[in-house]
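A look at the structure
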Amino acid sequence: AQRHGFESLECRRRVAARGIALGRVFEQAPAAGTTLQAQQAVDVTIAQGITVPAVTRIEPRAALAQLNGIGLEGRSDALEGDRIVLRQQPAAGTEVAAGTRVDLTTQRMTQVPSVIDRTLEEARRLIASRELKARSNIAEPAGMLRVQSQQPEPGKRVAVMGAAVIFPPPQSSP
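Anyway, here's the lowdown on the structure attached to this text. (Residues numbered from 1 in each chain as written. Predicted model: local features only at pLDDT ≥ 70, side-chain atom pairs only at ≥ 80, totals over all residues. Heavy atoms only, no water.)

Description of the sheet that holds strand β9 (residues 133-136)
- In spatial order, the strands read β9-β12-β10; together these 3 strands make up an open sheet with mixed pairing. If you trace the sheet from one side to the other, it starts and ends with β9 and β10 (149-151), each paired once. Averaged over all pairs of adjacent strands, the angle between strand axes in this sheet comes to 25°, irrespective of strand direction.
- Sheet analysis places β9 next to strand β12 (residues 163-167), joined by 4 bridges and oriented parallel. By the bridge assignment, R135 is partnered in β12 with V165. (Pairing = 2+ DSSP bridges. Helix = DSSP H or I, 4+ residues; strand = E, 2+ residues; numbered from the N terminus. Axes fitted to C-alpha atoms, helices over the stretch in contact; angles between N-to-C directions.)

As structure tokens, then:
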């Protein structure tokens, strides 16, 4: 604009409607083709993108609400049951145009049951009922050994098919 004799070119950036390329002028005042005096200012608005927020490790419905609330189109692979968002595409921090689809990959979650003071066999059955894998520090249950500690702690939310480690007391020597 200055090489054409205009003193001032006011540029603003804002999120543009769907379909407008980022970095492009999509509004100007006065309109194109208007005859101006040399000292008159021209205002232009340039299309700015939306920065994709981080929505991993939260529930998918909350992630979708956050994405849709800022003008993006969130899509989740599943919504039913206890789930969290494991991955998102495009990645958090990416600048995209309004209306861009953000795909969410979710992971089913379950709550770790308390198995303290249960027999190893009872503990294994209870852990399996929550779709978790039981691991122990002994290969086969010996007698009626009872679980003394466990990891993760009871009540913690973990990914389905994650491991829960159970520990009976150390065996005493005769």
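A closer look at helix α1 (residues 60-69)
- Every buried residue belonging to α1 is among P60, A63, L64 and L67, and all of these are buried. In an axial view of α1, the angular spread of the buried residues amounts to 100°, which keeps them on one side of the axis. Along α1, exposed side chains directed more than 90 degrees from the buried face belong to R61, A65 and G69.
- The inward-facing, buried residues of α1 abut β5 (73-76), β6 (83-89) and β8 (101-111).
- G71, located one to two residues past α1, shows a positive phi value of around 95°. (Buried < 20%, exposed > 50% of the residue type's maximum accessible area, 1.4 Å probe, protein only. Arc of directions from axis to C-beta. Contact = heavy atoms within 4.5 Å.)

Observations concerning unusual backbone geometry
- That bond from A29 to P30 is cis: its omega, -5°, falls within 30 degrees of zero.
- A cis geometry characterises the amide bond from Q89 onward to P90, with omega recorded as 0°.
- You can see P90 is positioned in the loop between β6 and β7 (95-96).
- Although it is not a glycine, D117 sits at a positive phi angle of roughly 70°.
- Of note, D117 is situated in the loop between β8 and α2 (120-129).
- At M161, a residue that is not glycine, the phi angle is positive and equals roughly 75°.
- By relative accessible area, which is 47% here, M161 ends up partly exposed.

Regarding the pattern of salt bridges
- Counting across every chain of the model gives 9 salt bridges.
- Between R14 and E27 there is a salt bridge; the shortest N-O distance is 2.4 Å. Highlighted residues: R14 in strand β1 (residues 9-15) and E27 in strand β2 (residues 25-29), separated in sequence by 13 residues.
- According to the relative accessible area criterion, R14 is partly exposed, its value standing at 38%.
- In this structure E27 comes out as partly exposed when scored by relative accessible area, which is 36%.
- Here E131 and R108 are joined by a salt bridge, their closest N and O atoms 2.7 Å apart. Of this pair, E131 sits in the loop between α2 and β9 while R108 sits in strand β8, placing them 23 residues apart in sequence. (Salt bridge = Lys/Arg side-chain N within 4 Å of Asp/Glu carboxyl O.)

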